[in-house]
Amino acid sequence: MAVQQNKKSTNKRGNHRAHDFLTNPPTAIEATTGEVHRRHHISPTGFYRGKKVIATKADE
């Protein structure tokens, strides 16, 4: 029967348990382009809530 070498710390045990229940972040669909992005973040092409907020390389 296997016997552990060192006692696992409570911090390590807590981290293991904390990551068991992670879920995917909620996503939204951009109204103008139809792209899927994280809520409250800009879309990959630089749109946020229907407005162009950042210039991308594709614009140049």
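Structure: above.
Everything numeric in this text was worked out from a predicted model, so none of it was measured.

> I'd like a rundown of a nonpolar patch on the surface, residues and numbers included.
Residues Ile 42, Val 53 and Ile 54 make up a contiguous nonpolar surface patch of roughly 250 Å² in combined accessible area. On the secondary structure map, Ile 42 appears in the loop between strand 2 (36–38) and strand 3 (47–48). Taking relative accessible area as the criterion, Ile 42 reaches 40% and is therefore assigned partly exposed.

> Quick rundown of unusual backbone geometry? Include the residues and the values.
At His 40, a residue that is not glycine, the phi angle is positive and equals roughly 65°. Secondary-structure assignment places His 40 in the loop between strand 2 and strand 3. By relative accessible area, which is 62% here, His 40 ends up exposed. Of note, the phi angle at Arg 49 is positive, near 50°, even though the residue is not glycine. Mapped onto the fold, Arg 49 is located in the loop between strand 3 and strand 4 (51–52). With a relative accessible area of 71%, Arg 49 lands in the exposed category.

What counts and what doesn't
- Residues numbered from 1 in each chain as written.
- Predicted model: local features only at pLDDT ≥ 70, side-chain atom pairs only at ≥ 80, totals over all residues.
- Heavy atoms only, no water.
- Patch = residues over 30% accessible without salt bridge, like charges linked within 9 Å, V, L, I, M, F, W, Y side chains within 5 Å.
- Areas by Shrake-Rupley, 256 points an atom, 1.4 Å probe, with all protein chains shown as cover.
- Salt bridge = Lys/Arg side-chain N within 4 Å of Asp/Glu carboxyl O.
- Helix = DSSP H or I, 4+ residues; strand = E, 2+ residues; numbered from the N terminus.
- Buried < 20%, exposed > 50% of the residue type's maximum accessible area, 1.4 Å probe, protein only.

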